[in-house]
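# A structural walkthrough
Here are the chains, one letter per residue:
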Amino acid sequence: MEYNFRQIERKWQQRWVDTQAYLVSNSSNKPKCYVLDMFPYPSGAGLHVGHPLGYIASDIYARFKRLKGFNVLHPMGYDAFGLPAEQYALETGQHPAVTTAENIETFRKQLDNIGFCYDWSRKIQTSQPEYYKWTQQIFLQLFDSWYNRHAAKAEPIDLLVRIFEAAGNHHHECPGDRSIRFSAETWNESTYEQQQEILMQYRLGYLAYAEVNWCPALGTVLANDEVINGVSERGGHPVQKKKMRQWFLRITEYADRLLKGLDEITFSDAMKDMQRNWIGKSQGAEIKFNIAGSMESVVVYTTRPDTIFGVDFMVLAPEHELVDGITTDEQAEAITAYKEYVQSRSERERMAEVKLITGCFTGAYAVNPFDGRKIPIWISEYVLAGYGTGAIMAVPCGDQRDFNFANHFSIPVTNILGDAFDGKEANPTKEGKLFNSDFITGMEMKEAMEAVTTKIENLGIGKRQINYRMRDAGFSRQRYWGEPFPIVFRNGIPEAMDVKDLPLELPHVEHYTPGEDGEGPLANITDWVNLPAAPGSSLRRETNTMPGYAGSSWYFLRYMDPHNTETFCDRKISDYWGQVDLYIGGTEHAVGHLLYSRMWTKVLFDLGHIGFEEPYKKLVNQGMIQGSSRLVYRVRGTNQFVSAGLRAQYETDEIHVDVNIVDGLELDTAAFKNWRQDFATAQFILENGKYICGTLTEKMSKRLFNTVNPNVIVEKFGADTFRMYEMFLGPVEQSKPWETKGIEGVHRFLKKFWRLFADEQKGLLVKDEAPTPEELKVLHNTIRKIEEDTERLSFNTAVSTFMICVNELTDLKCNKKAVLEQLLVLLTPYAPHVSEELWALIGNSGSILDAPFPVFEAKHVTESAKEYPVSVNGKLRTTINISLDASVEDVEKIALSNEVIQRWLEGKTPKKVIFVKGKMINVVI
RNA sequence: GCGGGUGUGGUGAAAUUGGUAGACACGCCAGACUUAGGAUCUGGUGCCUCACGGUAUGUAGGUUCGAGUCCUAUCACCCGCACCA
């Protein structure tokens, strides 16, 4: 009776399917637990051993929670819309739906091989109409909502219309354009078109003109990650900015709540910081500066109103609307030239030359509202049009960029920092007193910020202002393979489709080439785009599609109620499952997916569709599994390969070799000859009869021949070994290289574990005898450690605990059923197949998946004595076994009379003896 | 430049509250069984030293009876953001 993992795993995987072992009910008396993986994009490359790391971790946790008596939701699906499939379609002519289906099948087979406990009846796929119907429906809710800043929540747009009819927009500043102000009369007299224009400025899903990356050579619009250093990733063609009308989500209205929400959820500090950084909240003030000899004024944004007396010049963004109006005749030519220069600068140049200081004087002067000083107004590309007011007051003694600029253009610098400013570099401190600053001289900076801001507001020349770095999220893609927008344009005005007509299905196309002027491929299907309309009017569909993150922004809700045809998720069911308790996925989604889905959740909460506003209670980012590449060394100009240890004697070239034909470091030379034609005649210079490869840790990639397919590992060692080895590699959050060789240790462990139960010759060994205290001690120490470690996701230490336990039980020759049976339950989350098999083998009829989790009993592990480490002056000198009941005096006496300690004392009397009960003894001389 | 993280044997790592550094594995060395072993088992394995002992958690300081763990400075690597006023 040997451990035949292939047979065992096939058998139980089939059994679990047959018995619907992983089917989860939406009603239960048990407490709930929702364990979610970030669903994968089914790429053509399939999974490599790096991908399942997080899936295994969440699977173990889900199974553990089930054993602990929870009703566990643990689903899986596919994020199936995306650029690569469309790109592949462009190249091969195969429809993305076809290749996506094929890829999904490959993924599914690979996943099934590993023995996950997913409830596949809840599978979702974002590219299926049954799913994206609801993505479209939620989008319409965004379109039909606005953010009421007073109530701090989203509300239906109809409410806003009623407010406008009664009172105009005086109490509800327009988020799209602060300058829009109107009364009820104006609103009521406006045309439908005008009203719709205004509403668009309020909607959470809205249309606006914005720049996209337009690549004329490819005739298409590129995503940001397809543009590398200003040229297209594919082909290296130049990319221009092009203004197009596109959809946006007004996520900026949620900036503050997204920020505050971070305090309530368990994400890593790094993750929270990334999000905070991305949102980029800053508090400051807007201050109006009049322009000397002009009726115009400039509003600047500053976070340091306290430095108002240190302003030496002002800088506008070159695109600022006032620039042309204020430029003097003498400077007009220079300004025009500078603006042209800025226009000509590609994104790439600006990125590459951040340190380059450029700018141009407009000839105009602003007047400092406090001391009346005239300060020159410049323009420079270091001031961005899109942030704040597109204008800054420059304080060179306190801001390094301003200082560099002043230095470069020889603008005199005013010192308001006293000795804290050395004239050589700016000092951006917020701690200290101000000098040379009129009414705030001598005041602490923080106090002065408040004082100046208050004065500005009293004088009516400015106000407190909070700004965010975050921009509204672009929600249009000029692409085919995404959700179509449920929007039609009646005479150019967007209207929501009727919800009962959803889904608006993606029409089938034969060609994936872009439409004219950067429109998506859908624009080419004229009979889909153009709808029948009354004479003299037009009715056209939106030709953009939604971006990849649309479907993933709410998918965690659909898993709860995946087959509902009435709503995206029944409120009672989302109330039952609630937030995701544990969400596992990669860091790459730190600010994209995770921010968008947090926003969508808040909107759905505001509109009353769900009862919570943070989707993920706890997030864990699994580390990357890197590849451990293998290198061979070819003697230059020959077909001779020299083993790594001898290569210093030759001039060699490094060549990556397929890791699958290397055992540890030893190259299979025969396989190498077969690997590639040009190596068929390879000759080897060996060391100790072996060819030893070099190693390099780098990204796992086909190109580097260091990818390992989990199927290969599962075939060779079994899924249980694979699962445990992935966990054994190290902490889940940490990145580490994959080393196939190491898996043998875990495999040996499972075989050793098996031998506690059964033997090749003697068959079943398990006995019904009562366990000894020693055996119980081993068992209960293990129960405690496994329970603790699994709960805190420390799976690597849990695996080694199992190893220690099995080593000890083997030494004790323990085959007692009472011990082994409990151990099996502990092991189930980690190695479900072998656990089920042995569970049945020792005579249980039911499945182990719902067995009661062992209960730790302290009485089995209490000790009466301890081997104390005894140090002299902090250095360990010996250990002494002393009873835990011994008094302090006894312990001191025993320690000091010890032979080794006596020797170190050299007859001296110790200054003091430190004794920490149960820990250690330290003798200080 | 800013923010975050990580530095421990030949390798992956452990040390949960400051208390025996290197658990558990891989690799390596020696041995047993064997026709054979890339199967299995036993023992050893941080470094220096015959040994007593010394020394060791990136580097340099500090706090403490005691520091991988706390504090300060510094270096290296990884990740994210990058002219955000």
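The rules behind the values
- Residues numbered from 1 in each chain as written.
- Chains lettered and ligands numbered in written order.
- Predicted model: local features only at pLDDT ≥ 70, side-chain atom pairs only at ≥ 80, totals over all residues.
- Heavy atoms only, no water.
- Helix = DSSP H or I, 4+ residues; strand = E, 2+ residues; numbered from the N terminus.
- Buried < 20%, exposed > 50% of the residue type's maximum accessible area, 1.4 Å probe, protein only.
- Contact = heavy atoms within 4.5 Å.
- Areas by Shrake-Rupley, 256 points an atom, 1.4 Å probe, with all protein chains shown as cover.
- Lys, Arg positive; Asp, Glu negative; His and termini not counted.
- Charge placed at Lys NZ, Arg CZ, Asp CG, Glu CD.
- Axes fitted to C-alpha atoms, helices over the stretch in contact; angles between N-to-C directions.
- Parallel < 35°, antiparallel > 145°, perpendicular 65-115°, else oblique.
- Nonpolar A, V, L, I, M, F, W, Y, C, P; charged D, E, K, R; others polar.
- Near = heavy atom within 4 Å.
- Polar contact = N/O pair within 3.5 Å; in protein donor to acceptor, adjacent residues only side chain to side chain.
- Pairing = 2+ DSSP bridges.
- Core = buried A, V, L, I, M, F, W, Y, C linked by side-chain atoms within 4.5 Å.
- Expected span 1.5 Å × (residues − 1).
- Phe/Tyr/Trp six-rings, centres within 6.5 Å; stacked < 30°, edge-to-face > 60°.
- 1 Å grid on protein atoms, 1.4 Å probe; cavity = no way out; pocket = protein on both sides within 12 Å on 5 of 7 lines; lining within 4 Å.
- Points joined across faces, edges and corners; volume = space filled by probe spheres on them.
- Arc of directions from axis to C-beta.
- pLDDT = per-residue confidence, 0-100.
- Salt bridge = Lys/Arg side-chain N within 4 Å of Asp/Glu carboxyl O.

## With respect to the overall build of chain A
Across its full length, chain A carries 30 helices and 36 strands. With 925 residues in all, chain A has 51% of them scored as buried. Excluding contacts between residues fewer than 6 apart, the proportion of contacts in chain A whose partners are at least 24 apart in sequence is 71%. Carbon and sulfur atoms make up 49% of the accessible area of chain A, which totals about 42,500 Å². Here chain A holds 102 positive side-chain charges and 122 negative ones, and the gap between their average locations is 5 Å.

## Quick look at the packing of helix α10 (residues 269-279) against helix α20 (residues 593-606)
At a closest axis distance of 11 Å, the pairing of α10 and α20 adopts a crossing angle of 75°. In terms of axis orientation, α10 runs roughly perpendicular to α20. For the pair α10 and α20, the contacting residues are M271, Q275, W278 and I279 in the first and L594, L595 and R598 in the second. Among the residues making up the contact of α10 with α20, the classes are represented as 5 nonpolar, 1 polar and 1 charged.

## Digging into the protein's contact with RNA strand B
Taken together, 54 residues sit near RNA strand B, with T303, R401, L729, R748 and M803 positioned nearest. For RNA strand B, the fraction of atoms within 4 Å of the protein that belong to sugar or phosphate moieties is 61%. Between T302 and RNA strand B, the recorded distance is 3.3 Å, taken from a side-chain N or O atom to a sugar or linking oxygen. Ranked by the residues each element gives to the surface near RNA strand B, the list is headed by helix α26 (residues 795-811), at 6 residues. Classifying every residue of the surface near RNA strand B by side-chain character gives 20 nonpolar, 13 polar and 21 charged.

## Topic: the sheet that holds strand β33 (residues 865-872)
Strands in a sheet are paired, the pairing made by backbone hydrogen bonds, and the direction either parallel or antiparallel. Read from one edge of the open sheet, 4 strands run β34-β33-β36-β35, paired in mixed fashion. Each edge of the open sheet carries a strand with a single partner, namely β34 (875-883) and β35 (912-916). Ignoring strand direction, the axes of neighbouring strands in this sheet form an average angle of 20°. Here β35 pairs with strand β36 (residues 920-924) via 5 bridges, running antiparallel. Considered in β36, the bridge of F915 is made with I921.

## Observations regarding the sheet that holds strand β5 (residues 205-215)
As summarised here, the arrangement of the 4 strands in space is β6-β5-β9-β17, forming an open sheet in which the pairing is antiparallel. Among the strands making up the open sheet, the edge pair consists of β6 (220-222) and β17 (473-474).

## A short note on the nonpolar core
In this structure, F475, Y555, M560, M724, F757 and L827 are the most contacted members of the largest nonpolar core, which totals 176 residues. Considering every element that reaches this core, the biggest residue donor is helix α2 (residues 52-67), with 9 residues. The residues contacting Y555, other than those within four sequence positions of it, are L36, D37, M38, F39, I124, Y131, Y583, H593 and Y616. Counting residues in each nonpolar core, the second largest holds 39 residues, with V395, I416, A426 and I440 among its members.

## Some details on α20
In a regular helix each residue adds 1.5 Å, so 14 residues correspond to 20 Å; α20 covers 20 Å between its end C-alpha atoms and thus fits that length. Counting buried residues along α20, 13 of its 14 residues qualify, which places the element largely inside the surrounding structure. Within two residues after α20, G608 carries a phi angle of roughly 85°, on the positive side.

## A short note on the packing of aromatic side chains
If you walk through the whole model with that rule in mind, you get 66 aromatic pairs. Ring centres of F313 and F405 lie 5.3 Å apart, and the angle between their planes is 20°; this geometry places the pair in the stacked category. On the criterion of sequence distance, the pair formed by F313 in strand β12 (residues 313-316) and F405 in helix α14 (residues 400-408) is long-range, its members being 92 residues apart. Just as F313 is buried, F405 falls in that class too. Ring geometry for Y382 against F405: centres 5.5 Å apart, planes inclined by 50°, an arrangement best described as tilted. Placement of the pair is Y382 in the loop between β14 (374-379) and β15 (391-394) and F405 in helix α14, with a sequence separation of 23 residues.

## Re the pairing of β15
Of the two faces of β15, both are covered, the one formed by A391 and M393 as well as the one formed by I392 and A394. Across 4 bridges, the pairing between β12 and β15 is antiparallel. Looking at β15, one finds that L316 is bridged to A391.

## Thoughts on empty space enclosed by the protein
One pass over the full model with this rule turns up 1 cavity of 30 Å³ or more. Here the largest cavity is characterised by a volume of approximately 30 Å³. Residue lining of the largest cavity: L53, E726, M727, G730, P731, V732, L793, S794, F795 and N796, and that is the complete set. Within the residue set of the lining of the largest cavity, elements represented by two or more residues are α23 (719-728) and α26.

## A short note on helix α1 (residues 5-18)
In this model α1 runs 20 Å from its N-terminal to its C-terminal C-alpha over 14 residues, within 8% of the 20 Å that 1.5 Å per residue would give. Those residues of α1 lying buried are F5, I8, E9, W12 and W16. Seen along its axis, α1 keeps its buried residues to an arc of 90°; they face one direction. In α1, the exposed residues that point more than 90 degrees away from the buried face are R10, V17 and D18. Next to the buried residues of α1 lie α2, α22 (710-717), α23, α24 (743-757) and α28 (832-841).

## Digging into the confidence of the model for chain A
Predicted confidence across chain A gives a mean pLDDT of 90, with 98% of residues reaching 70 or more. Overall fold confidence for the complex sits at a pTM of 0.92, while the interface term, ipTM, reaches 0.94.

## A word on the pattern of salt bridges
All chains considered together, the criterion is met by 48 salt bridges. One salt bridge connects K32 with D581, and the closest N-O pair in it is separated by 2.7 Å. Of this pair, K32 sits in strand β1 (residues 32-37) while D581 sits in the loop between α19 (571-577) and β21 (582-585), and the two are 549 residues apart along the sequence. Judged by its relative accessible area of 17%, D581 falls in the buried class. Residue K68 pairs with E787 through a salt bridge whose shortest N-O separation is 2.4 Å. A residue pair is termed long-range when its members are at least 10 positions apart, and K68 in the loop between α2 and β2 (71-73) and E787 in helix α25 (residues 773-791) qualify at 719 residues. Under the relative-accessibility criterion, K68 is labelled partly exposed at 33%. The partly exposed category is assigned to E787, whose relative accessible area is 22%. Three or more residues joined by partner-sharing salt bridges are found here, namely R257, R598, K602, D606, E613 and E614.

## Brief notes about the side chain of E836
Relative to the assigned elements, E836 resides in helix α28. Buried charged residue E836 carries no salt bridge. Nearest counter-charge: R63, at 6.7 Å. Only 2.9 Å separates the side chain of E836 from the side chain of W16, close enough to count as a polar contact. In contact with E836, not counting residues within four places along its chain, are W12, W16, S847, I848 and L849.

## Overview of the packing of α23 against α28
At a closest axis distance of 7 Å, the pairing of α23 and α28 adopts a crossing angle of 130°. The orientation of α23 relative to α28 falls into the category oblique. Taking contact as the criterion, the partners of A719, D720 and R723 in α23 are, on α28, P832, H833 and V834. When the residues that make up the contact of α23 with α28 are grouped by side-chain class, the tally is 3 nonpolar, 1 polar and 2 charged.

## Thoughts on the environment of T721
In this structure, T721 sits in helix α23. For the pair formed by T721 and F81, sequence separation is 640 residues and the distance between their alpha carbons is 34 Å. Once residues lying within four places of it in the same chain are set aside, the contact partners of T721 are I743, V746, H747 and L750. A polar side-chain atom of T721 sits 3.0 Å from a polar atom in the side chain of H747.

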